[in-house]
Protein chains: 2
Amino acid sequence: MFEEGSILRQRYGEENVFDLSIGNPVMEPPVEFSQGLKRLVENPLPGMHRYMENAGYPETRAAVAAQLSLETGIKFSVNDIVMACGAAGALNVVLKTILNPGDEVIVFAPYFMEYENYIDNHGGVAKVLPTDERFIPKLDALEAAITAKTKAVIINSPNNPSGAVYAEDVIHRLGELLRKKESQYRIGIFLISDEAYRKIIYDGLRYPPVFRHHPQSIVITSHSKDLALPGERIGYIAVHPNCSRREELVDGFIFCNRALGYVNAPALMQHVVRSLQHVTVSVAEYQKKRDFLYGHLVEMGYSVVKPQGAFYMFPKSPLEEDVAFVKELQQWNVLTVPGRGFGSPGYFRVSYCVDDRTLEGSLAGFKKVAQKFNLC
Amino acid sequence: MFEEGSILRQRYGEENVFDLSIGNPVMEPPVEFSQGLKRLVENPLPGMHRYMENAGYPETRAAVAAQLSLETGIKFSVNDIVMACGAAGALNVVLKTILNPGDEVIVFAPYFMEYENYIDNHGGVAKVLPTDERFIPKLDALEAAITAKTKAVIINSPNNPSGAVYAEDVIHRLGELLRKKESQYRIGIFLISDEAYRKIIYDGLRYPPVFRHHPQSIVITSHSKDLALPGERIGYIAVHPNCSRREELVDGFIFCNRALGYVNAPALMQHVVRSLQHVTVSVAEYQKKRDFLYGHLVEMGYSVVKPQGAFYMFPKSPLEEDVAFVKELQQWNVLTVPGRGFGSPGYFRVSYCVDDRTLEGSLAGFKKVAQKFNLC
């Protein structure tokens with residue numbers, strides 16, 4: 001997608017291409033980040049670019065633990081945290097640690113398209129389940145799908161690509177269901193919560209911590225979105241302090257961080273994010289962009305579930321063939337992603353973490369295509 | 001090892017532990033690095049922490065290509081280079097790209113202990129071959145070991161753990177042998193050259209570029225050692241411009257960089273190393289450390305092949321049981337690594353990328369143990 005956009009920009013000029021295809025935040029990192037980085041670079045710590053423990057600096061892990069304790073009301077310690085190369089690195093480390101060949105991992109469509117690669121990397125089998133019309137997991141489908149080979153369920157809320165935020169009640173019932181199935185099959189089932197967008201949530205909603213609803217839970221996340229640092233590959237794994245065999249699990253994470261060749265999360269970023277655990281980019285700005293785009297799309301006749309978090313929306317494709325529809329938009333230099341890339345054909349993803357000029361400029365294309373297909 | 005050292009330091013005090021067990025350079029990065037980082041942080045580029053192409057910034061790849069062209073006399077372009085999360089990330093990306101399950105990868109003992117994990121990560125089978133008494137690959141053993149399932153040969157010169165540097169003639173004959181076997185079995189065999197220590201080479205020796213001796217060659221490396229940035233995870237993959245199916249191969253690297261969860265080499269470091277391709281830490285300082293330690297160990301009666309590069313030496317263990325010997329040294333708070341960790345029992349690795357105080361302090365322990373085993 002990156003490359004496609006580049007080609008179009010070269011052909012038509014930067015200002016005539018409206019690239020809503022990638023989750024690459026246009027916002028700069030918060031000023032606290034720039035200040036922290038500058039302070040560190042001007043007063044370098046001795047050895048601050050050297051190797052550290054594969055788990056990451058204890059001071060950074062302690063800062064993450066303190067913030068999670070605050071957010072969840074559960075007491076986390078440095079030993080519950082492993083710093084990772086982004087959420088992608090974190091998820092690969094977790095899957096490598098827990099999966100045996102043939103183990104099943106359940107995901108809910110629409111889902112972040114790389115999950116299937118990650119599960120496959122470590123010999124697992126992805127089992128894709130549907131969500132309801134608001135993109136919330138269907139628990140009856142989950143109940144029917146869990147087998148003795150189920151090792152983990154991955155959830156992602158706020159969701160990429162739908163922007164859906166799961167209510168506390170959904171997570172609570174999900175946890176109950178997992179424990180019921182665990183005792184039915186005498187297995188352990190991990191709830192892996194991908195929280196890359198945890199801090200980007202709208203309408204005054206609060207994120208319900210999964211940790212409160214299932215002890216066998218593992219959170220993976222990154223600072224790619226909350227601090228707008230996607231290129232820096234800094235994130236972490238947090239495991240529930242009461243998870244069974246927690247110590248063994250964390251030892252596995254540390255080993256796999258090394259054995260998979262990540263080695264450690266980038267050192268300089270570990271130093272900087274240490275003091276930024278409570279800092280987030282301007283969510284209000286993203287909410288404004290959401291409101292702008294959502295309002296216009298709905299007015300044009302697109303069918304969209306209003307996203308409550310992240311910076312994507314996932315409208316229904318006016319054509320059954322979402323790939324064909326995305327090509328229609330592309331004719332107007334508006335770049336989006338077909339829903340089938342997320343396991344949900346018949347939709348398309350619009351990323352609105354772009355500048356206002358791009359958002360505004362895209363409207364003409366959306367309008368033309370809406371008219372072509374008689375949406376209103 | 002990191003953790004063991006920490007425990008001993010807590011028990012006996014920092015100044016009484018002589019940790020020669022890890023390759024974590026004590027030197028700070030060159031002043032050009034600190035200046036470049038400072039300049040960038042004080043004058044940030046717009047979007048400099050965002051995602052870029054999975055292959056890395058074209059400008060950084062172009063700088064790497066230019067430097068390699070200079071060093072090898074072969075013309076590299078931006079399309080021959082993929083930026084990676086250190087040499088470890090680079091090697092995993094290469095192996096994921098080229099290996100089918102059951103494919104054989106040949107390594108020469110002693111070798112960097114993580115190779116086996118990396119090969120195993122991607123379904124390959126490591127085949128370990130011996131080296132001669134100076135740690136140089138035995139080509140007759142290689143000739144006998146290559147089968148129709150051989151997909152790659154990994155070499156690592158300057159070598160971790162032995163410090164051996166392969167002469168141009170060895171690499172030349174290695175290339176000839178690979179081509180002979182390629183045509184015998186009608187297969188392609190990649191020569192993967194791990195050059196993490198390429199710039200750290202002593203006695204006025206020059207590194208002979210593998211690229212000149214085999215077109216099916218891939219170099220993986222990092223700036224962990226030449227710029228003393230091991231914690232920052234910045235390195236690259238370079239493929240011979242005339243490698244067959246080069247384009248397909250590089251597309252595979254880019255895909256695997258993403259699919260393995262590395263996504264891209266850390267952005268900020270890509271910006272900084274762009275202008276530092278010709279810069280290296282003080283090799284003279286490492287050579288001084290080598291001369292100091294080598295001189296003393298030989299005088300005490302240890303049997304050591306004088307290393308010509310990297311910052312390790314690999315003496316014979318006075319006890320047949322290298323693990324037992326390493327424990328003897330540990331009794332004097334001198335930390336080293338048993339040779340069996342590198343596929344070569346009967347030796348032990350000493351890392352001398354440490355401060356002079358640690359090197360000097362370790363001598364008493366080496367001496368005591370040498371006396372105990374009547375080395376002189």
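Residues numbered from 1 in each chain as written. Chains lettered and ligands numbered in written order. Predicted model: local features only at pLDDT ≥ 70, side-chain atom pairs only at ≥ 80, totals over all residues. Heavy atoms only, no water.

Draft legend 1. Local environment of the overall build of chain A. Within chain A, the regular secondary structure consists of 12 helices and 12 strands. Computed over C-alpha atoms, the radius of gyration of chain A comes to 21 Å, within 12% of the 21 Å expected from 2.2 N^0.38 for 376 residues, which places it in the range of a compact globule. Considered along the principal axes of its C-alpha atoms, chain A spans approximately 60 × 60 × 35 Å. A burial count over chain A gives 62% of its 376 residues as buried. Long-range contacts, defined here as pairs at least 24 residues apart, represent 74% of the contacts in chain A between residues at least 6 apart. Carbon and sulfur atoms make up 51% of the accessible area of chain A, which amounts to about 14000 Å² in all. Computed over 40 positive and 43 negative side-chain charges, the inter-centroid distance for chain A is 2 Å. (Helix = DSSP H or I, 4+ residues; strand = E, 2+ residues; numbered from the N terminus. Rg over C-alpha atoms; globule rule 2.2 N^0.38 Å. Buried < 20%, exposed > 50% of the residue type's maximum accessible area, 1.4 Å probe, protein only. Contact = heavy atoms within 4.5 Å. Areas by Shrake-Rupley, 256 points an atom, 1.4 Å probe, with all protein chains shown as cover. Lys, Arg positive; Asp, Glu negative; His and termini not counted. Charge placed at Lys NZ, Arg CZ, Asp CG, Glu CD.)

Draft legend 2. Summary view of the relation of the copies chain A and chain B. Aligned on chain B, chain A shows an RMSD of 0.0 Å; the corresponding rotation is 180° and the shift along the axis is 0.0 Å. These values place the two chain copies in the arrangement generated by a two-fold rotation axis. Residue by residue, 100% of the interface of chain A is reproduced at the interface of chain B, so both copies engage with the same surface. (Least-squares fit on C-alpha atoms with pLDDT ≥ 70 in both.)

Draft legend 3. Main features of the side chain of T60 of chain A. Residues and elements named next belong to chain A. For T60, the location among the structural elements is in helix α3 (residues 58-72). Within the structure, the side chain of T60 is placed 3.0 Å from the backbone oxygen of Q270, a separation counted as a polar contact. T60 has contacts with M83, Q270, V273 and R274, leaving out every residue within four places of it along the chain. (Polar contact = N/O pair within 3.5 Å; in protein donor to acceptor, adjacent residues only side chain to side chain.)

Draft legend 4. Highlighting the packing of helix α11 (residues 322-331) of chain A against helix α12 (residues 356-372) of chain A. All names here are of chain A. It is the contact of α11 with α12, at a shortest axis distance of 8 Å, that shows an interaxial angle of 125°. The angle between α11 and α12 places the two elements in the oblique class. Considering only the axes of α11 and α12, their crossing is right-handed. Side by side, α11 and α12 meet where F325, E328 and L329 of the first sit next to G365, F366, V369 and K372 of the second. When its residues are assigned to classes, the contact of α11 with α12 shows four nonpolar, one polar and two charged. (Axes fitted to C-alpha atoms, helices over the stretch in contact; angles between N-to-C directions. Parallel < 35°, antiparallel > 145°, perpendicular 65-115°, else oblique. Left-handed = near helix turned anticlockwise from the far one by under 90°. Nonpolar A, V, L, I, M, F, W, Y, C, P; charged D, E, K, R; others polar.)

Draft legend 5. Structural view of the confidence of the model for chain A. Here chain A averages 96 in pLDDT, while 100% of its residues score no lower than 70. Predicted complex metrics record ipTM = 0.96 and pTM = 0.97. (pLDDT = per-residue confidence, 0-100.)

Draft legend 6. Structural context of unusual backbone geometry. Cis peptide bonds are those with omega within 30 degrees of zero, and the linkage from A109 of chain A to P110 of chain A qualifies with 0°. Following the sequence through the fold, P110 of chain A ends up in the loop between β3 (104-108) and α5 (115-121). Of note in this structure, D203 of chain A is not a glycine but carries a positive phi near 60°. Tracing the chain through its elements places D203 of chain A in the loop between β6 (190-194) and β7 (217-222). On the basis of relative accessible area, D203 of chain A is assigned to the partly exposed category, the value being 41%. Positive phi values are uncommon outside glycine, yet R245 of chain B reaches one of about 55°.

Draft legend 7. Seen up close, the environment of G231 of chain A. Relative to the elements of secondary structure, G231 of chain A occurs in the loop between β7 and β8 (235-239). The spacing of G231 of chain A and N24 of chain A is 207 residues in sequence and 8.9 Å in space, taken between C-alpha atoms. In contact with G231 of chain A, not counting residues within four places along its chain, are H49, R50, Y51, M52, N264, A265, P266 and A267 of chain B.

Draft legend 8. Just the interface of chain A and chain B, in detail. At the junction of the two partners, chain A supplies 50 residues and chain B supplies 50 residues. Carbon and sulfur atoms make up 50% of the surface buried where chain A meets chain B, a total of about 4100 Å² over both sides. Together, H49, R50 and Y51 of chain A form the three largest contributors to the area buried by chain A at its contact with chain B, with a combined 18%. Counting across the interface, chain A meets chain B through two salt bridges. Salt-bridge contacts for E114 of chain B lead to R258 of chain A; the nearest nitrogen and oxygen are separated by 2.4 Å. Listed by contribution, the elements that provide at least two residues to the side of chain A that touches chain B are α1 (2-12), α2 (31-42), α4 (86-98), α5, α8 (246-259) and α9 (267-273) of chain A. When residues of the side of chain A that touches chain B are assigned to their parent elements, the largest contribution, five residues, is made by α2 of chain A. (Buried area = accessible area lost by both parts, 1.4 Å probe. Salt bridge = Lys/Arg side-chain N within 4 Å of Asp/Glu carboxyl O.)

Draft legend 9. The arrangement of the sheet that holds strand β11 (residues 337-338) of chain A in detail. Residues and elements named next belong to chain A. Taking strand neighbours across the sheet as the criterion, the three strands line up as β9-β12-β11 in an open arrangement whose pairing is antiparallel. For this open sheet the edge positions go to β9 (312-313) and β11, each flanked by a neighbour on one side alone. Alignment of β9 against strand β12 (residues 348-351), held across two bridges, turns out to be antiparallel. Opposite M313, over in β12, you have V350 as the bridge partner. (Pairing = 2+ DSSP bridges.)

Draft legend 10. Fine view of the packing of α2 of chain A against helix α2 (residues 31-42) of chain B. Running from amino to carboxyl end, α2 of chain A crosses α2 of chain B at an angle of 155°, the nearest separation of the two axes being 10 Å. Classified by the angle their axes make, α2 of chain A and α2 of chain B are roughly antiparallel. Handedness of the crossing formed by α2 of chain A with α2 of chain B: left-handed. On α2 of chain B, the residues that touch L37, K38, V41 and E42 of chain A of α2 of chain A are L37, K38, V41 and E42 of chain B. For the contact of α2 of chain A with α2 of chain B, a count of residues per class yields four nonpolar, no polar and four charged.

Draft legend 11. Expanded view of the pattern of salt bridges. All names here are of chain A. Applying the stated rule across the entire model yields 35 salt bridges over all chains. Across the pair E143 and K180 runs a salt bridge, and its minimum N-O distance is 2.5 Å. Taken as a pair, E143 in helix α6 (residues 139-145) and K180 in helix α7 (residues 168-185) lie far apart in primary sequence, 37 residues in all. Here E143 falls in the partly exposed class, since its relative accessible area comes to 29%. We classify K180 as partly exposed; its relative accessible area is 45%. In this structure, D169 and R173 form a salt bridge, with 3.3 Å as the shortest nitrogen-oxygen distance. One end of the pair is D169 and the other is R173, both in helix α7 and four residues apart, which spans about a single turn. Residue classification places D169 among the partly exposed positions, given a relative accessible area of 45%. Since its relative accessible area comes to 38%, R173 is described here as partly exposed.

Draft legend 12. Summary view of the packing of aromatic side chains. Residue and element names in this part refer to chain A. A complete count under the given rule lists 33 aromatic pairs over all chains for this structure. Aromatic side chains F76 and F211 sit 4.8 Å apart centroid to centroid with 65° between the ring planes, which places their arrangement in the edge-to-face category. Of the two residues, F76 sits in the loop between α3 and β2 (81-84) while F211 sits in the loop between β6 and β7, which places them 135 residues apart along the sequence. This pair shows no difference in class: F76 is buried, exactly as F211 is. Ring geometry for Y286 versus F311: centroids 5.0 Å apart, planes at 50°, classification tilted. Taken together, the residues span a long stretch of sequence, with Y286 in helix α10 (residues 283-300) and F311 in the loop between α10 and β9 at a distance of 25 residues. A single burial state applies to Y286 and to F311, both of which are buried. Three or more aromatic residues link up through ring pairs in this structure, and these residues are Y302, F325, F348, F366 and F373. Across from the ring centre of Y57, 5.3 Å away, lies the NZ or CZ of R274, which sits over that ring. (Phe/Tyr/Trp six-rings, centres within 6.5 Å; stacked < 30°, edge-to-face > 60°. Lys NZ or Arg CZ within 6 Å of the ring centre and 35° of its normal.)

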